[in-house]
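Working through the structure, step by step
Take a look at the letters that make up each chain.
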Amino acid sequence: MTPADMDFPARSRAALAQPTLQRSLQGMRRMMPALRSAALAGLPDHAALRERARESRDHALEHLGHYLLEYERRVVAAGGVVHWARTAAEANDIVAGLCERAGARRVIKSKSMVTEEIRLNEALEARGLGVTETDLGEYIIQLRGERPSHILAPALHLGLAEIGATFERHHRRERRAPLTEAGEMLVEARAELRAVFQAADVGITGANFLVAETGAAVLVTNEGNADLVAALPAMHIVVTGIEKVVATLDDLGVLLRLLARSAIGESLSSYTTLVHGPRRAGDAAGPREFHVVLVDNGRSALLGTSRQEILRCIRCSACLNHCPVYTAIGGHAYGSVYSGPMGAVLTPAFEGLARTVDLPAASTLCGRCEEVCPVAIPLPRLLREWREDALRGGLTRPAERRALRLWQWLATHPVWYRFALGAVVRALRLMSVPAPGGGRRLRHLPWFGQGWFAVRDLPAPQGRTFQAQWRSREP
Amino acid sequence: MNTARTAMLAVIGRHGAPPAPAAPPVMSTEIVWAERARLFTAQATAGAATVVTVPTGAGVGPAIADYLDGARLGAEVHLSAPTRAVAGLALEPRLSCRAGPVPADGATLVSGCLAAVAAEGVVVLASGATHAAQAAFLAATHIVVVEAGQLLESLEALWQRLRALPAPLPRQISLVCGPSRTADLGVPSRLGAHGPLRVHVILVGGRPAAR
Ligand code: SF4
C-alpha cells in the first residue's frame, strides 16, 4: 500500500536536498560499478554464465507449477509444511495463525523484501506479537520507523551520526560519551540482538531461492543473521515469492556465482545456507516446526504475458546501483518497497498502474540496467510497455499529453516544423555567449531549465539544421 | 603396414615383457590436493578467512594451539562435528577441550565439516547429531578442520556429494566463506556483525591420514 499523499516529483526533490542520502548515493555511483566489473572479470566466461542463468530462470518459470509441486513434495518429505497464499492478506493470516497456534510472543526476522511487500510486521504487531528485525540495516530502520531505501542496503540513506543517535535513543545503557564510532555501534547492536535471538519463539526468513530438486530454501547473507533466525527459535517460517524456485542444485550454482558478484562485487556472500525441513530425530538442535509460505500477490498474473521476464529477477540490486535516476534520488522517492528499474517495472504490476504511473516514467531508458542485469531482463522495454499502457489508459499528466500532442502535430506538418525549429535556433543563438575555449555556450534561459543551468551549460546550436543540410546534399 | 608393425613390436617387445602389465600409475592425490589447496587459500583469504595447511591429522592440534597463542585467544575450545582429526584434539596437551553447546560470545569453536570447495573458498557445515547449526554463528572464533578427501574442486562436485547423501538432506547446510560482516555502518565492511569475527581454516594435507 502506498500512502495516498504520495507524489513522486515532490519526494524526488526532497531526496535531492538530503545531504546524507546524497553522500551515500555518490559513494555508490563511485564504487559499485567498478566493484561489480572487477568481480565479474574474475569469471572465465561471464557472457555464457549469464545466458545459462537466464535459461535456468526461464525454465523454472515456464514450468512453475511443476517445480513448486516438486519443491513442496520434498519439503513435506523432510517433515515441513507448505502453505500457499494468493494475496498479502492470506500470507499474513497464515503466518499470524502459525505464531498464535505456537503461543508465540516474540518473533525475530531476517531481511526479506517479500515480507516488506506484504507488510507482515504491521500485521503481526496488530495481533500483539513483538517483531524484531535482525539484519543490521533493517534493525536500524525498524527502530526509526522507516522503510528500506535500497533492496540490499535498507539503511543506505542514514549516516553514522543518525545511526548513533538512534541507538542512544533505543538501547538502554550507561553512557559516558556519545556514540560516534562504527565499531562501538556494531558491538552494541550485536549485544542487543544476541539477547533478542535467545528469547525468540518464532524465526521468520525470506528465501533467495527455493531448490525443487532437494526442497532447499536458500538463505544468502553476509551477517549470518538469517542462519541464527533459522536455527534458534522452535519454529522457522520461510515467507517467499512463488517465482523463487529453481529446478536443480546446478541452477543454484549458476545463480550463486552471479548473485554476489552483481550485488556487492564479491565472489560469494559470507553465508549461503540451504535449509531442509525441521530438525531431525537425533539432531543436536534446530526448530521442531518448519513452514514455508509461498506468496503469489500478483506474480502469477504476469506469467504468460510480455512482462513474465521480470519474474526472473534475483534481487541483486545491480540495476539500482547503476541507474542514473536511482543513484540520484535513492529508494524512498519511489514510494514503493521495490525501487530502481526493477521496482519501476514490478510496482505497477503489484499496486496498479494508476497509482504508480510516475515510476516507469522515471527513467532515461539509457539501458545500463539491462546491461548489468545478471539474468538479462529487458528492463527498458518493460518500462516502455508501462508507459504505452499509461498513455492508452489516459493516466499520464495532462501537461505531458498536451506536449506530446503538440509534438505530434508539428512532426506531421513539415512547413510549420521548419518554421518553429528555425525560430528556436535563432533565439538560442541570440541568447548564447562566447565560451572561453571558442564557440558559443548557453548559460541560462529566461523561462526554462533553471535546475539544469544552475550546475551546467549547453552548447549553442551551430551550422545549418539537419533538414537544410539534407536538402542541399550532393545527389 | 603389417610388416612395419611386426618389426616395431619386435623391437619394443624386447623392452617390456609381453604378459599384461600391472596397473599404470594414477594421478597423485597429493598433486590434485595441492592445486585445490592453493585455489582454496586464495579465495578464502579474499573472503577475510585465514588458512593454514598441515601435512597430516597429527599436525592439527599444534596448528590450532599456535593460532590461538598468536591471536591471544586462550586455550579453551569447544568441539563440534568431530571428524577424525577433530576428535583427536581431545589428546592435544596445549588445548583444553569442552563438550556441550557453545556458550555466550567469546568462545572458540573447532569443528569438522562436510566438505570444502576450492573454487569458491568455502567450507560446508551440516547440522546433525554432532553439530548444532548455531554453534558456528554464536562463536567469536571458528576454526574449521578440512580433511584431505573433503577438499572438492567446484560447487558442482559439492552438489554431487550432497546427492550421494541419503534424503532428506541435513536440515541446515551452510557454505561459509569468511567471518560475518556488514556494510550497514558504511564502507569498508565491518567484521563480526552477528557471527564469528574470525574464521580460520586448517587444511589437512593430501596424504591419507595415518590411522
Ligand atoms: S532486475 Fe536484474 S539487475 Fe535488477 S535486481 Fe533484478 S536481477 Fe538484479
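Worth saying up front: this structure is predicted, and the values here are computed from it rather than measured.

Each value, and the rule that gives it
- Residue numbers here run from 1 along each chain, matching the order of that chain's written sequence.
- Labels follow written order: the first chain is A, the first ligand is 1, and so on.
- Owing to the predicted nature of the model, reporting of local features is limited to residues with pLDDT of at least 70; listing and counting of side-chain atom pairs is limited to 80 or more, with chain, interface and lining totals taken over all residues.
- Side-chain figures throughout are based on the complete set of non-hydrogen atoms in the structure, without hydrogens or water.
- Secondary structure is summarised from DSSP: a helix means a run of H or I of at least four residues, a strand means a run of E of at least two, and numbering begins at the N terminus for each.
- Note that the radius of gyration is over C-alpha atoms, with the globule rule given as 2.2 Å times the number of residues to the power 0.38.
- Relative accessible area decides the class of each residue, using a 1.4 Å probe on protein chains only: under 20% of the type maximum gives buried, over 50% gives exposed, and in between gives partly exposed.
- In this description, accessible areas are obtained by the Shrake-Rupley approach with a 1.4 Å probe, and a residue is regarded as covered only by the protein chains that are shown.
- When a carboxyl oxygen of Asp or Glu is within 4 Å of a side-chain nitrogen of Lys or Arg, the pair counts as a salt bridge.
- What counts as an axis is a line fitted to C-alpha atoms, over the stretch in contact for a helix, and the angles between N-to-C directions run from 0 to 180 degrees.
- The sense of a crossing depends on the near helix, which, turned anticlockwise from the far helix by less than a right angle, makes the crossing left-handed and, turned clockwise, makes it right-handed.
- Contacts were defined at the residue level, with two residues in contact if any of their heavy atoms lie within 4.5 Å.
- For this scheme, ten residues count as nonpolar: Ala, Val, Leu, Ile, Met, Phe, Trp, Tyr, Cys and Pro. Four count as charged, namely Asp, Glu, Lys and Arg, and the remainder, Gly too, count as polar.
- Any two strands with at least two DSSP-identified bridges between them are counted as paired.
- As used in this record, nonpolar core signifies buried Ala, Val, Leu, Ile, Met, Phe, Trp, Tyr and Cys residues forming a set joined through side-chain atoms within 4.5 Å.
- Residue ranges for the domains originate in an automatic or database domain assignment.
- Proximity is defined per residue: if any heavy atom of the residue lies within 4 Å of a molecule or strand, that residue is considered near it.
- How far a helix is expected to stretch is found by multiplying one less than its residue total by 1.5 Å.
- Stacked, tilted and edge-to-face are the three classes assigned to paired rings of Phe, Tyr and Trp, where Trp is represented by its six-membered ring and a pair needs centres within 6.5 Å; plane angles under 30 degrees give stacked, over 60 edge-to-face, the rest tilted.
- We call a charge positioned over a ring when the NZ of a Lys or the CZ of an Arg lies within 6 Å of the ring centre and within 35 degrees of the ring normal.
- Here the quantity called buried area is the accessible surface, traced with a 1.4 Å probe, that two parts lose on coming together, added over both.
- What qualifies as a polar contact is a pair of N or O atoms within 3.5 Å, subject to a donor-acceptor requirement within protein and to the restriction that residues adjacent in sequence count only when both atoms come from side chains.

Let us now look at the overall build of chain B. Within chain B one finds 6 helices and 12 strands. Relative to its length of 211 residues, chain B is extended, with a C-alpha radius of gyration of 22 Å against a globular reference of 17 Å. Taken over 211 residues, chain B has a buried fraction of 48%. Within the structure as shown, chain B displays about 10000 Å² of accessible surface, and the carbon and sulfur contribution to it stands at 63%.

Right, let's talk about the pattern of salt bridges for a bit. In this structure the tally under the stated criterion is 38 salt bridges over all chains. A single salt-bridge network, built from bridges that share partners, covers E51, R54, D58, R307, E309, R312, R381, E385, D389 and R392 of chain A.

A word on the packing of helix α9 (residues 160-170) of chain A against helix α10 (residues 182-199) of chain A. Between two packed helices, the angle of one axis relative to the other and the distance separating the axes together describe the packing. Residue and element names in this part refer to chain A. Two elements in contact, α9 and α10, have axes separated by 11 Å at closest approach and are oriented at 35 degrees. The hand of the α9/α10 crossing is left-handed. Across the interface between the two elements, L160, I163, G164 and F167 of α9 pack against A182, M185, E188 and A189 of α10. Classifying every residue of the contact of α9 with α10 gives 6 nonpolar, 1 polar and 1 charged.

For the rest of this paragraph, the subject is the sheet that holds strand β7 (residues 235-241) of chain A. Residue and element names in this part refer to chain A. A sheet is described by the order of its strands in space; here 6 strands give the open sequence β1-β10-β7-β4-β2-β3, paired in parallel fashion. Each having just a single partner strand, β1 (81-85) and β3 (130-133) make up the two edges of the open sheet. Strand-to-strand twist of the sheet, defined as the mean angle between neighbouring strand axes without regard to direction, takes the value 20 degrees. Contacting β1 and β10 (289-295), helix α4 (residues 64-77) crosses the sheet at an angle of about 145 degrees to β1.

Right, let's get into the pairing of β10 of chain A. Strand residues, when the strand is regular, have side chains that alternate between the two faces of the sheet. Residues and elements named next belong to chain A. In terms of burial, β10 is largely enclosed, as 6 of its 7 residues are buried. Of the strand pairs in this sheet, β1 and β10 are connected by 5 bridges, and their pairing is parallel. From the neighbouring strand, V81 faces β10, where its bridge partner is H291. Of the strand pairs in this sheet, β7 and β10 are connected by 7 bridges, and their pairing is parallel. In the sheet register, G241 faces β10, and the bridge partner there is V295.

Counting 101 residues, the largest nonpolar core has I237, V239 and M342 of chain A as its most contacted members. For this core, the element with the highest residue contribution is helix α12 (residues 249-264) of chain A, accounting for 8 residues. Per-domain counts for this core show at least three residues from each of domain 1 (43-138 + 202-297) and domain 2 (309-396) of chain A. With near-sequence residues (within four places) excluded, M342 of chain A lies in contact with I151, I310, C313, R315, C319, L320 and L379 of chain A. Core analysis: the next-biggest nonpolar cluster, separate from the first, contains 48 residues, M185 and F197 of chain A together with C113 and A136 of chain B among them.

Right, let's talk about the site of the ligand for a bit. Around the ligand sit 13 residues, and of these C313, C316, S317, C319 and C373 of chain A come closest. Its residues assigned to classes, the shell around the ligand comprises 11 nonpolar, 1 polar and 1 charged.

Residues and elements named next belong to chain A. With 14 residues, helix α5 (residues 88-101) extends 20 Å from end C-alpha to end C-alpha; this agrees with the ideal 20 Å at 1.5 Å per step. Considering only its buried residues, α5 is in contact with β1, β2 (106-109), α7 (120-126), β4 (202-205), β7 and β10. Looking at the residues trailing α5, positive phi occurs at G103, about 70 degrees.

So, about the packing of aromatic side chains. The description of an aromatic ring pair uses the distance of the two centres, along with the angle that the planes make with each other. All names here are of chain A. Under the criterion given, the structure shown has 9 aromatic pairs over all chains. For the ring pair W409 and W416, a centre distance of 6.3 Å and an interplane angle of 45 degrees mean the geometry is tilted. Judged by its relative accessible area of 40%, W409 is partly exposed. A relative accessible area of 48% places W416 in the partly exposed class. Within the aromatic cluster, the residues linked to one another by ring pairs are F8, Y326 and Y334. Between R456 and the ring centre of W452, over which it is positioned, the NZ or CZ distance is 4.6 Å. If you follow R473 out to its NZ or CZ, it ends over the ring of W470, 4.2 Å from the centre.

Our focus in this paragraph is the interface of chain A and chain B. Tallying the contact residues gives 61 residues for chain A and 45 residues for chain B. Interface of chain A and chain B: buried area, both sides summed, is about 4300 Å²; carbon and sulfur atoms make up 54% of it. Our count for the contact surface shared by chain A and chain B stands at 5 salt bridges. With a closest N to O distance of 2.8 Å, R257 of chain A and E156 of chain B form a salt bridge. Counting across the interface, chain A meets chain B through 33 residue pairs in polar contact (both at pLDDT 80 or more).

Residue A167 of chain B is joined to P168 of chain B through a cis peptide bond whose omega torsion reads -10 degrees. Following the sequence through the fold, P168 of chain B ends up in the loop between α6 (155-163) and β9 (172-176). For L365 of chain A, which is not glycine, the phi dihedral falls at a positive 55 degrees. Residue position: L365 of chain A is located in the loop between α16 (358-361) and α17 (368-372). Look at L365 of chain A and you get partly exposed, because its relative accessible area is 27%.

Our focus in this paragraph is helix α15 (residues 340-351) of chain A. It helps to recall that an α-helix has 3.6 residues per turn; residues three or four apart then point in one direction. All names here are of chain A. With 12 residues, α15 should cover 16 Å at 1.5 Å per step; its first-to-last C-alpha distance of 16 Å lies within 8% of that length. By the criterion of burial, α15 is predominantly enclosed, with 9 of the 12 residues buried. What α15 keeps buried is the set G340, P341, M342, G343, A344, V345, L346, T347 and P348. For α15, the elements touching its buried residues are α13 (318-321), α14 (326-329), α16, α17 and α18 (379-392).

With that out of the way, let us pick up the domain arrangement of chain A. All names here are of chain A. When its domains are assigned, chain A resolves into domain 1 (43-138 + 202-297), domain 2 (309-396) and domain 3 (406-471). Once you take the C-alpha centre of each, domain 1 and domain 2 turn out to be 24 Å apart. Every contact between the two is made by 18 residues of domain 1 and, on the other side, 17 residues of domain 2. Summed over both sides, the interface of domain 1 with domain 2 buries roughly 1600 Å², with 61% coming from carbon and sulfur. It is R50, M113 and S262 that lose the most area in domain 1 upon contact with domain 2, and together they represent 30% of the buried surface on that side. At the surface where domain 1 touches domain 2, the tally comes to 2 salt bridges. E243 is paired through a salt bridge with R315; the nearest N and O atoms lie 3.3 Å apart. At the boundary of domain 1 and domain 2, one finds 8 residue pairs in polar contact (both at pLDDT 80 or more). Here the side of domain 1 that touches domain 2 gets 6 residues from one element, more than from any other, and that element is helix α3 (residues 46-62). Partitioning the side of domain 1 that touches domain 2 into residue classes produces 9 nonpolar, 2 polar and 7 charged.

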